[in-house]
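Examination of the molecular architecture
Now for the letters of each chain:
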Amino acid sequence: MSKTIVIDPVTRIEGHAKISLYLDDAGEVEDARFHVVEFRGFEKFCEGRPFTEMAGITARICGICPVSHLLAAAKTGDKILAVKIPIAGEKLRRMMNLAQITQSHALSFFHLSSPDFLLGWDSNPATRNVFGLMEADPDLARAGIRLRQFGQQIIELLGARKIHASWAVPGGVRSPLSEEGRTWIRDRLPESRATIELAIGLFKRLLDQFTTEVQEFGNFRSLFMGLVSPDGLWEHYGGHLRFIDSDGAIVADGLNEDNYQDFIGEAVENWSYLKFPYYKPLGYPDGIYRVGPLARLNVCDRIGLPDSDRELQEMRDRAGGRVATSSFFYHYARLVEILAAIEHIELLVNDEDIASKRCRADAGINELEGVGVSEAPRGTLFHHYKVDENGLLKKVNLIIATGQNNLAMNKTVTQIAKHYIHGNDIPEGLLNRVEAGIRAFDPCLSCSTHAVGQMPLHIELVAPDGTILNQVYRH
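Residues numbered from 1 in each chain as written. Predicted model: local features only at pLDDT ≥ 70, side-chain atom pairs only at ≥ 80, totals over all residues. Heavy atoms only, no water.

Now for the sheet that holds strand β7 (residues 240-244). Strand order in this open sheet of four strands is β8-β7-β6-β11, and the pairing throughout is mixed. In this open sheet, the two edge strands, each paired with only one partner strand, are β8 (250-255) and β11 (289-290). One ladder, built from two bridges, connects strand β6 (residues 223-228) with β11; its direction is parallel. Note on β11: the bridge partner recorded for Phe224 is Arg290. (Pairing = 2+ DSSP bridges. Helix = DSSP H or I, 4+ residues; strand = E, 2+ residues; numbered from the N terminus.)

Right, here's the structure in full:
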């Protein structure tokens, strides 16, 4: 007989997910599947629209990741126009992306994940959230809110809106940063740096308590992919693509996004709307790879700024080598990336190029196809457009970071379930650990399947004969 247990509050993942855990005859977990069961088909209904509208349209995919789609769409538009954007345009785009990384990573760490770290995996779910954190440590919660505000405000200073700013366009950006905006950023930099340094120190102290999580929350061998600069530095906007393995050996380097179909395949399964990208030379599913903050810090040789490089080296030392293979270290990597973003913002805000009014190149349609790539907070984002002679879209393909982590998320859920589940009982604390394994990747399911709204998490425990032994819902 199936049994339903209703647990509140709302789960801390973005979107609608379902997990099926498959038991063997001995009652042990044999397999697990992370299903994404929402769909909207954003790629299809973009067809027929002018490519110049894509920056504004695709930003509406998600209210969490609008800057990521804005920049990837604008870069794809650059390819169709066949223009080199002015240096001011590139630096201003970079600043907005750094602000997006800051605000998104702050949201993930302080609002979604830190309640587990600071209040406990098995604490009361009614208070295991940002409100409980505010009660337990109001200064930390306030600092996290203000750090996220720092990133959001930079986005607004550049694009006139915090969300869905129609600012980055094919050929560059619409306007430079005002002098008042530069002053505001300079004034807030010290506080933001102090907050992230506090958070990094806190997480390093907590790591000693999480030895089991480091070993069991998605600790496995895989490839990692991300952008790096021509000299191998951490990159979030330009450069080229690199794959490395879990030993730190470079598998492929100098890859161009225009040829992504040569090295990235997209598999589908009948139990999920989320596609399963993989590294083509190794095939599916052996070509599993991870993207996002952990991958970016693994693939780069160094960040290239003193404080960030120091923290990157300590992260590698704590991971036990050049490459961190535990997905639990995504949390650590986000904090190091916030520090890197703040250091880069400090350089850019004092760069006179960003005040130039020459920040956009004008041109007509010169190419009928373009691929743009940028690093979203959650990982590498591809936009691929085909247009007709009038610039109307004939085909759109979006490869989203969460999709590229799909194989890894499934493997993580399986690893956690095998460690914690024995029999058909699902205690609340176990459910939270399964969720936490998914939250390590900070998935954006609306981006990945272009869905509407936020839905609950649903876990099924399935016997060898297909009988549902237990179900747990988060409404």
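Below, the discussion takes up the packing of helix α4 (residues 87-119) against helix α7 (residues 179-207). In helix packing, the relevant descriptors are the interaxial angle and the interaxial distance, both defined with respect to the helix axes. In contact at an axis separation of 12 Å, α4 and α7 are set at 35° when each is read in the N-to-C sense. Between α4 and α7 lies a crossing of left-handed hand. Taken together, the residues of α7 that come into contact with α4 (itself represented by Met95, Phe109, Phe110, Phe117 and Leu118) are Ile185, Thr195, Ala199, Leu202, Phe203 and Leu206. Grouping the amino acids of the contact of α4 with α7 by side-chain chemistry returns ten nonpolar, one polar and no charged. (Axes fitted to C-alpha atoms, helices over the stretch in contact; angles between N-to-C directions. Left-handed = near helix turned anticlockwise from the far one by under 90°. Contact = heavy atoms within 4.5 Å. Nonpolar A, V, L, I, M, F, W, Y, C, P; charged D, E, K, R; others polar.)

We now examine the pattern of salt bridges. Here the structure, examined in full by the defined rule, presents 36 salt bridges. Of the charged contacts, one joins Arg188 and Glu191 as a salt bridge, the two residues approaching to 3.6 Å between their closest N and O atoms. With Arg188 and Glu191 both in helix α7 and three residues apart, this pair spans about one turn of that helix. Given a relative accessible area of 9%, Arg188 falls into the buried group. On the basis of relative accessible area, Glu191 is assigned to the partly exposed category, the value being 30%. As a salt-bridge pair, Asp301 and Arg322 come within 3.8 Å of each other at their nearest N and O atoms. (Salt bridge = Lys/Arg side-chain N within 4 Å of Asp/Glu carboxyl O. Buried < 20%, exposed > 50% of the residue type's maximum accessible area, 1.4 Å probe, protein only.)

Here the focus is a nonpolar patch on the surface. Residues Phe131, Met134 and Ile145 make up a contiguous nonpolar surface patch of about 300 Å² in total accessible area. The topology assignment puts Phe131 in helix α5 (residues 130-136). Given a relative accessible area of 61%, Phe131 falls into the exposed group. (Patch = residues over 30% accessible without salt bridge, like charges linked within 9 Å, V, L, I, M, F, W, Y side chains within 5 Å. Areas by Shrake-Rupley, 256 points an atom, 1.4 Å probe, with all protein chains shown as cover.)

Summarising the element assignment, Asp245 is placed in the loop between β7 and β8. Summary of buried charges: Asp245 has no salt-bridge partner, and the nearest side chain of opposite charge, Arg221, is 5.2 Å away. In terms of polar contacts, Asp245 uses its side chain to reach the backbone amide nitrogen of Asp247, at 2.9 Å. For Asp245, the contacting residues outside a window of four places in its chain are Ser222, Leu223, Val251 and Val323. (Lys, Arg positive; Asp, Glu negative; His and termini not counted. Polar contact = N/O pair within 3.5 Å; in protein donor to acceptor, adjacent residues only side chain to side chain.)

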